[in-house]
Amino acid sequence: MMLKSLKLVVLFLSLSLLYLPASAMTDNPDAKVNTRKESSLTKDEFERASQKLLERAEQLKAAKNMATTREEKARIKEEIKDVKRETKALKQQALSSGVYIGAGALIVILLLILLVF
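Residues numbered from 1 in each chain as written. Predicted model: local features only at pLDDT ≥ 70, side-chain atom pairs only at ≥ 80, totals over all residues. Heavy atoms only, no water.

Visitor: Honestly, the pattern of salt bridges in this entry has me stumped. Any pointers?
Guide: When the charged atoms of two side chains lie near each other, side chains of opposite charge can form a pair. In this structure the tally under the stated criterion is four salt bridges. We note a salt bridge from E79 to R75, for which the minimum N-O separation is 2.7 Å. Remark: R75 and E79 occur in helix α3 (residues 70-95); sequence separation between them is four residues, near one turn of the helix. Residue E79 is classed as partly exposed on the basis of its relative accessible area of 22%. Ionic pairing is found between E78 and R85, a salt bridge with its closest N-O pair at 3.8 Å. A relative accessible area of 38% places E78 in the partly exposed class. Through salt bridges with shared partners, a single ionic network connects R56, R75 and E79. (Salt bridge = Lys/Arg side-chain N within 4 Å of Asp/Glu carboxyl O. Helix = DSSP H or I, 4+ residues; strand = E, 2+ residues; numbered from the N terminus. Buried < 20%, exposed > 50% of the residue type's maximum accessible area, 1.4 Å probe, protein only.)

As C-alpha coordinates, this is what we get:
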(Lines give C-alpha, C1' and ligand atoms only; values in the text may rest on other atoms or scores of the structure.)
Protein backbone atom coordinates (compact mmCIF):
# COMPACT_ATOMS: atom_id res chain seq x y z
CA MET A 1 0.00 0.00 0.00
CA MET A 2 2.78 2.39 0.93
CA LEU A 3 4.71 1.64 -2.28
CA LYS A 4 1.67 2.23 -4.46
CA SER A 5 0.90 5.58 -2.83
CA LEU A 6 4.57 6.56 -3.18
CA LYS A 7 4.40 5.75 -6.88
CA LEU A 8 1.31 7.92 -7.26
CA VAL A 9 2.95 10.82 -5.43
CA VAL A 10 6.07 10.55 -7.59
CA LEU A 11 3.92 10.39 -10.72
CA PHE A 12 1.92 13.44 -9.66
CA LEU A 13 5.03 15.47 -8.80
CA SER A 14 6.84 14.58 -12.00
CA LEU A 15 3.79 15.44 -14.12
CA SER A 16 3.32 18.73 -12.28
CA LEU A 17 6.97 19.61 -12.99
CA LEU A 18 6.48 18.96 -16.69
CA TYR A 19 3.82 21.67 -16.90
CA LEU A 20 5.37 25.09 -17.29
CA PRO A 21 3.23 27.92 -18.56
CA ALA A 22 4.67 29.75 -21.55
CA SER A 23 4.39 33.07 -19.75
CA ALA A 24 6.77 31.79 -17.06
CA MET A 25 9.50 31.55 -19.70
CA THR A 26 9.30 35.23 -20.64
CA ASP A 27 10.82 38.16 -18.83
CA ASN A 28 7.41 39.74 -18.30
CA PRO A 29 5.03 37.43 -16.39
CA ASP A 30 2.03 39.51 -17.47
CA ALA A 31 2.83 39.00 -21.14
CA LYS A 32 0.41 36.91 -23.10
CA VAL A 33 2.09 34.32 -25.28
CA ASN A 34 0.51 33.11 -28.49
CA THR A 35 0.44 29.33 -28.18
CA ARG A 36 -1.78 28.68 -31.19
CA LYS A 37 -0.11 26.82 -33.99
CA GLU A 38 -0.14 28.45 -37.38
CA SER A 39 -2.61 26.74 -39.65
CA SER A 40 -1.18 24.54 -42.35
CA LEU A 41 -1.41 25.59 -45.95
CA THR A 42 -4.06 24.06 -48.12
CA LYS A 43 -2.92 22.30 -51.26
CA ASP A 44 -4.12 25.16 -53.50
CA GLU A 45 -2.39 27.81 -51.38
CA PHE A 46 0.82 25.80 -51.42
CA GLU A 47 0.68 25.37 -55.20
CA ARG A 48 -0.03 29.07 -55.79
CA ALA A 49 2.79 30.17 -53.49
CA SER A 50 5.28 27.71 -54.96
CA GLN A 51 4.31 28.71 -58.53
CA LYS A 52 4.81 32.37 -57.61
CA LEU A 53 8.27 31.62 -56.21
CA LEU A 54 9.20 29.59 -59.30
CA GLU A 55 8.16 32.45 -61.57
CA ARG A 56 10.22 34.87 -59.48
CA ALA A 57 13.24 32.55 -59.74
CA GLU A 58 12.89 32.39 -63.53
CA GLN A 59 12.70 36.19 -63.71
CA LEU A 60 15.82 36.49 -61.59
CA LYS A 61 17.70 33.99 -63.75
CA ALA A 62 16.81 35.97 -66.88
CA ALA A 63 17.85 39.20 -65.18
CA LYS A 64 21.13 37.62 -64.12
CA ASN A 65 21.93 36.76 -67.74
CA MET A 66 21.18 40.35 -68.77
CA ALA A 67 23.17 41.94 -65.92
CA THR A 68 26.31 43.75 -66.98
CA THR A 69 28.20 44.50 -63.77
CA ARG A 70 29.45 42.22 -61.05
CA GLU A 71 27.44 44.10 -58.43
CA GLU A 72 24.20 43.50 -60.30
CA LYS A 73 25.01 39.81 -60.73
CA ALA A 74 25.91 39.49 -57.04
CA ARG A 75 22.68 41.22 -55.97
CA ILE A 76 20.60 39.00 -58.25
CA LYS A 77 22.43 35.90 -57.02
CA GLU A 78 21.59 36.89 -53.43
CA GLU A 79 17.94 37.34 -54.40
CA ILE A 80 17.94 33.87 -55.97
CA LYS A 81 19.28 32.45 -52.69
CA ASP A 82 16.49 34.26 -50.83
CA VAL A 83 13.88 32.72 -53.14
CA LYS A 84 15.39 29.27 -52.54
CA ARG A 85 15.22 29.84 -48.77
CA GLU A 86 11.59 30.94 -49.05
CA THR A 87 10.79 27.85 -51.11
CA LYS A 88 12.44 25.62 -48.51
CA ALA A 89 10.51 27.33 -45.70
CA LEU A 90 7.27 26.98 -47.65
CA LYS A 91 7.84 23.25 -48.12
CA GLN A 92 8.69 22.87 -44.43
CA GLN A 93 5.50 24.70 -43.44
CA ALA A 94 3.43 22.48 -45.72
CA LEU A 95 4.96 19.33 -44.22
CA SER A 96 4.79 20.36 -40.56
CA SER A 97 1.28 19.24 -39.78
CA GLY A 98 2.11 16.46 -37.32
CA VAL A 99 2.85 16.22 -33.63
CA TYR A 100 6.39 15.30 -32.69
CA ILE A 101 7.57 13.91 -29.36
CA GLY A 102 11.18 14.42 -28.45
CA ALA A 103 13.37 11.52 -27.37
CA GLY A 104 13.70 12.88 -23.84
CA ALA A 105 9.95 13.24 -23.46
CA LEU A 106 9.44 9.73 -24.77
CA ILE A 107 11.90 8.32 -22.22
CA VAL A 108 10.19 10.21 -19.37
CA ILE A 109 6.78 8.93 -20.46
CA LEU A 110 8.03 5.35 -20.64
CA LEU A 111 9.68 5.60 -17.22
CA LEU A 112 6.50 6.99 -15.70
CA ILE A 113 4.46 4.18 -17.19
CA LEU A 114 6.93 1.63 -15.79
CA LEU A 115 6.79 3.26 -12.35
CA VAL A 116 3.03 3.16 -12.20
CA PHE A 117 2.65 -0.43 -13.35
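Visitor: What is the right way to look at the environment of L54 in this model?
Guide: Here L54 shows up in helix α2 (residues 43-66). Residue classification places L54 among the exposed residues on the basis of a relative accessible area of 51%. C-alpha separation for the pair L54 and T87, spaced 33 residues apart in sequence, amounts to 8.5 Å.

Visitor: What am I meant to see in a nonpolar patch on the surface here?
Guide: On the surface, a cluster of nonpolar side chains totalling about 1100 Å² of accessible area is made up of L3, L6, V10, I101, L106, I109, L110, I113, L115, V116 and F117. Elements supplying a minimum of two residues to the nonpolar patch: α1 (2-18) and α4 (103-116). The element best represented in the nonpolar patch is α4, accounting for six residues. Note on placement: I109 falls in helix α4. (Patch = residues over 30% accessible without salt bridge, like charges linked within 9 Å, V, L, I, M, F, W, Y side chains within 5 Å. Areas by Shrake-Rupley, 256 points an atom, 1.4 Å probe, with all protein chains shown as cover.)

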